[in-house]
Amino acid sequence: MLGGALGAQATESTSPAVAEVTQQGVLVKGVVKDAKGEPIIGATVTEKGTKNATVTDFDGNYSLRVANRNVTLVVSYIGFTSQEIKAGGDVTLQEDNALLNEVVVIGYGTQRKGDITSAVASVKAEDFNAGKIGDAAELVKGKIAGLTVVNSSGDPKATSSIRLRGVTTLVGSLTPLILVDGIEGDLTTVAAENIASIDVLKDASAAAIYGTRGANGVILITTKSGRRDTPAQVSYNGYASFSKWSKKQDFMDVHDVIYGKTAQDYLGYETDWVKAVTRKAGFKHNHDLNISGGSKNATYSANISYAKEEGMIRKTFNENFKMQMDYTQFMWNDVLKFNLNALVTRQKYSNDNLNTYSHENPYRQALIHNPSEPVYNEDGSYYENFNKLQYYNPVALINENFGDNRRRFSQLVGNVTVEPIHGWKTNLMISWGEGVDSYENWTSPLHQSIVRTGDNGVANKSEGTWVDKNLELTSRYDAQWDEHRFNALVGYSYLYKESDGFNAGNRDFSTTAFLWNNLGNGSWINDKDNHAWMGSYKNDSKLVGFFGRISYGYADKYNALISIRHEGSSKFGDNHKWATFPSLSLGWNIMNEEFMKDTRSWLDNLRLRVGYGVTGITPGDNYLAQNIYGYADYGDVMLMDGKWVRSLEVKQNPNPDLKWEVSNEWNFGLDYGVLNNRIHGSLDVYVKTTHDLLFSYRVPMPPNLYSETLVNVGDMRNTGIEFMIEAIPVQTKDFEWTTTLTASHNANKLLKLSNDLYETDNFQEQGWAGDPIGTPTHCMEVGKGLGDFWGLKSVGVDQDGFVLVEAKDANGNWTVMPFNTNLNVQENRQRLGSGTPKVILGWGNTFKYKDFDLSMQFTSQLGYKILNLSRAYYENNSIAYNRLKTAADLHPAINTDGTPVLDENGNQKMVKLSQSMPQGWWSDHLENGDFLKLTNITLGYTFTPKGTLANYVKKARIYANATNLFCITGYSGIDPEVSNYYMTPGIDDRDKYPVTRNYTVGLSLNF
């Protein structure tokens, strides 16, 4: 068997059919062999159009009773091209290199998988995760080595946080460039049901064609389209999903208040405050209708999707409508092609003030509220206790805050392709995308913030619009002769972005009936002591690029790809607006070498890849290189005589040398396949070094007019390894099991922060634990990796219930002392582990039995710590609010020298944490975050309807799905899959919207 050769067509044996006619039909017999004449064991022989089938025995023999001599048999086996024959006989199957011939989307085109020389991963629609899907990243979660997908919130409007191959910036975004059908978008641009494939360009040699936008990798989303000479195909996909908390925090109840376990007074009521602000269950329904088809000279497709989700917390919701249409017209024997793609989306989602750090967060207030307090007073008004700091009725916070957020987006894309000679295509693409974000809010007079001021309500309104104008002209030539394959591409790209917006607000209205619809009615617009507020803005930027690429392959053995992009951005200084980003990658298919011929009986693919590329990072903000003026923070006042006083000052120093952060990356890869590719996969090792990191540096005044300047100075390195293996351990006539394992590891190191001109401390504290603890959580140091926790190290609890921490005495020597806030200073803090996982795993399994299918996707993160801020705040017995039940736990008392404190019976004394100990966080609040989670499980059944229904429905599928079904972990918090923000990873915020477990039933129909 020639595993590395291109697939050939199967050939039918010339031996006569062997048939035995009986009253029950015809018994046909034969032998199935490979090209070398060896029998194939376990090949499937099926009577076409039926479920009547058999498999070959140890000698390749088969026998099958069929209806008559004229039926067609389909003979198939993994790794071989299926063949259709008449009425039995011997069959010779030829190898099928579909794995290598699969087409993968790359930058500005496609490429045969066997010719790929870079680190590229591809997932097709049939392999996507199913069930309740919030965005495109959830479709491939756990399926692509090196791609980290995290959604640590149950909020209906939350989207996934994604990261690829480590940290490349200190001030910018780590989100990969996301292109939807070649146009810049995001994870929610199109409906998940309308996505045909997701391809990920992981290394710089693949992403360099996108220049300044490719340093964090590139995700290419391709939507479904029509096919030529295909009748209209209509499909419906819908599901309903119910959500519950995956886990609840265990706070004190009314009985704990009665028994004095909290500092709260018993007021005679019993209120479950969390229940008061939540629904019994969250619910989402999703409906998607797709139609596609084509004639000889045209293709078309249309997709309409509607989804609405109501979250577990009351009044939280997310409603989406998406419509996409695509039409292609071919003319002059395919010399000319026109394509038009239109996308319209509408979104409406809750304005709920569930910010983790807001004291008006209803969920936070529900957690900390006294369970013996009532929701309402006897007169029906809300019960409030303003004697406690930042303590408000959570039901009132939800009920008396009104408003919505809305997003409208429209995009039109046109393509004109000319192919005057075969293989040479020139394409002009023009796109225009325009969106509007609207925010409206009304806070009623019954809301705590208004009750205390006496105003008759607060209203505000804002709107932001953006326009993206994109033009790309590309010309591509493909040629193949003898054993040579050649491709060349040149192109020009122009991207203009513009955004503007306004906001306005007022207070104390004559009536509550207006809500936010009559801002001028508020009294503050004419008040001498107060004033209404308003603002507006406008930004724009340009990105221009010239690019080219050449790809060459010889004899299915050797491949090379070289690309270059010269790009200019308006965001940078006058001295560095342009930069060049080259790449080169090589591939060697060792399997097709003559010296490997003796391994071809079992080894099907062995391919080496090496690539080098340069990519850049463009900052998100505009005008960072320019001198910017603004009004002073405390200069916006109105005097008693009604005159405004506005003081102007410099807000940003100019920097004409501001330029790209540039990443240089080496990638070394190995692709392999054995046993007819029943086992195949890849291994990649990379080294990525980022230079000219942007960071703010303190500068002297004068000559500078502002105290800080943004400058390119630092260096950082990421190294990592990624592994993927896919196998089919079992395949029989009726049953097949496919399993895929992905694993990745990344190590980060900050190499430099200062140079001769700009200096800063090589060690800096990062993060913030929030009010009232108010201390750093992480540190950043040259020579170390990002993400290390930085705090006090605790060693136990003393006999007075104070946590003992390590600290330095007056002589600078380490000692052990009872915690107090005076000890929480930099010289006493230590490195306490990393919040960045060392290993990220994904394990997928698909089982198919006849018409049933079962898929399970596991995800895992290993080797990291989590800062449980809920414990830091709510296990402290000094707080005047409700607490976790664990605040009442007893701890073994020790002395400062580590020896146990004994009671009068000689046993170690057990104590509760003291009510006098101030709040803080220390190493005991750090927990191991390792977990293994069943992220997605789906059980489905596919069938062909019978009877009258068969006239309307060609195929149907029903399925049941669950996400976050279980999690094996030692972490005590709600969920160990927490924020992966690169400067302060591993923080489990105290009041975040809890993660949910979702149960879904779905239906798919093909008409």
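Residues numbered from 1 in each chain as written. Predicted model: local features only at pLDDT ≥ 70, side-chain atom pairs only at ≥ 80, totals over all residues. Heavy atoms only, no water.

Going by an unreviewed UniProt entry, the chain carries the name Receptor antigen RagA and comes from Xylanibacter ruminicola. As its UniProt record puts it under Sequence similarities (unreviewed entry), the chain is described as follows: "Belongs to the TonB-dependent receptor family." Quoted verbatim from the Subcellular location (unreviewed entry) heading of the UniProt record, the comment on the chain is "Cell outer membrane". (UniProt positions renumbered as here; feature names shortened; annotations may be inferred.)

Caption draft 1: Quick peek at the packing of aromatic side chains. Under the defined criterion, the tally for this structure stands at 29 aromatic pairs. Here Trp-245 and Tyr-363 contribute two aromatic rings whose centre-to-centre distance is 6.4 Å and whose plane-to-plane angle is 50°, an arrangement assigned as tilted. Placement of the pair is Trp-245 in strand S19 (residues 230–245) and Tyr-363 in helix H6 (residues 362–368), with a sequence separation of 118 residues. An aromatic cluster is defined as three or more aromatic residues linked by ring pairs; in this entry it consists of Tyr-108, Tyr-210 and Phe-547. Looking at Arg-228, its charged tip hangs above the ring of Phe-330, at a distance of 3.8 Å from the centre. (Phe/Tyr/Trp six-rings, centres within 6.5 Å; stacked < 30°, edge-to-face > 60°. Helix = DSSP H or I, 4+ residues; strand = E, 2+ residues; numbered from the N terminus. Lys NZ or Arg CZ within 6 Å of the ring centre and 35° of its normal.)

Caption draft 2: Here's a closer look at unusual backbone geometry. In the segment running from Met-701 into Pro-702, the intervening peptide bond is cis, with an omega of -15°. Note that Pro-702 resides in the loop between strand S37 (679–698) and strand S38 (708–731). Here the amide bond leading from Asp-771 into Pro-772 is cis, since omega sits at 5°, within 30 degrees of zero. In this structure, Arg-165 takes a positive phi of about 60° despite not being glycine. Here Arg-165 lies in the loop between strand S14 (161–164) and strand S15 (177–180).

Caption draft 3: Broad picture of the UniProt feature "domain: TonB-dependent receptor plug" (unreviewed entry) in the chain. Under the present numbering, the feature "domain: TonB-dependent receptor plug" (unreviewed entry) in UniProt falls on residues 114–218. The span residues 114–218 carries 8% helix and 26% strand; its end-to-end C-alpha distance comes to 20 Å.

Caption draft 4: Here's a closer look at the sheet that holds strand S40 (residues 763–766). Strand order in the open sheet formed by 4 strands is S40-S41-S42-S46, and the pairing between neighbours is antiparallel. Unpaired on one side and paired on the other, S40 and strand S46 (830–834) mark the two borders of the sheet. Going from strand to strand, the sheet's axes swing by 40° on average, the running direction of each strand aside. In this structure, strand S41 (residues 778–781) lies alongside strand S42 (residues 788–791), joined through 2 bridges in antiparallel fashion. (Pairing = 2+ DSSP bridges. Axes fitted to C-alpha atoms, helices over the stretch in contact; angles between N-to-C directions.)

Caption draft 5: Looking closely at the environment of Ser-438. Among the structural elements, Ser-438 can be located in strand S25 (residues 424–443). The buried category is assigned to Ser-438, whose relative accessible area is 6%. Between the alpha carbons of Ser-438 and Lys-348 there is a distance of 9.4 Å; along the sequence they are 90 residues apart. Every residue in contact with Ser-438, bar those within four places of it in the chain, is listed here: Asp-404, Asn-405, Arg-406, Arg-408, Ser-462 and Glu-463. One polar contact links Ser-438 to Glu-463, side chain to side chain, over a distance of 3.3 Å. (Buried < 20%, exposed > 50% of the residue type's maximum accessible area, 1.4 Å probe, protein only. Contact = heavy atoms within 4.5 Å. Polar contact = N/O pair within 3.5 Å; in protein donor to acceptor, adjacent residues only side chain to side chain.)

Caption draft 6: Inspection of the sheet that holds strand S7 (residues 72–76) at higher detail. Strand order in the open sheet formed by 4 strands is S5-S4-S7-S8, with antiparallel pairing between adjacent strands. In this open sheet, the two strands that pair with only one neighbour each are strand S5 (53–55) and strand S8 (83–86). Averaged over all adjacent pairs, the angle separating strand axes in this sheet is 25°, with direction ignored. Pairing of strand S4 (residues 44–47) with S5 involves 3 bridges; the strand directions are antiparallel. Its bridge partner lying in S5, Thr-44 is registered against Val-55.

Caption draft 7: Seen up close, a positive patch on the surface. A grouping of Lys-244, Lys-248, Lys-275 and Lys-280 is seen on the molecular surface, where their side chains present a positively charged patch. For Lys-275, the position within the fold is in helix H5 (residues 273–276). (Patch = residues over 30% accessible without salt bridge, like charges linked within 9 Å, V, L, I, M, F, W, Y side chains within 5 Å. Areas by Shrake-Rupley, 256 points an atom, 1.4 Å probe, with all protein chains shown as cover. Salt bridge = Lys/Arg side-chain N within 4 Å of Asp/Glu carboxyl O. Lys, Arg positive; Asp, Glu negative; His and termini not counted. Charge placed at Lys NZ, Arg CZ, Asp CG, Glu CD.)

Caption draft 8: Broad picture of the pattern of salt bridges. Inspection of every chain in the model, using the stated rule, returns 46 salt bridges. Arg-406 is the partner of Glu-440 in a salt bridge, and the nearest nitrogen-oxygen pair spans 3.0 Å. Of the two residues, Glu-440 is situated in strand S25 and Arg-406 in strand S24 (residues 401–421); the sequence distance between them amounts to 34 residues. Where Glu-977 meets Lys-933, a salt bridge forms, and the shortest distance between an N and an O atom there is 2.8 Å. Within this pair, whereas Glu-977 is found in the loop between strand S54 (955–969) and strand S55 (987–988), its partner Lys-933 is found in strand S53 (residues 931–943), the two being separated by 44 residues in sequence. Among the residues examined, Glu-977 registers a relative accessible area of 3% and is labelled buried.

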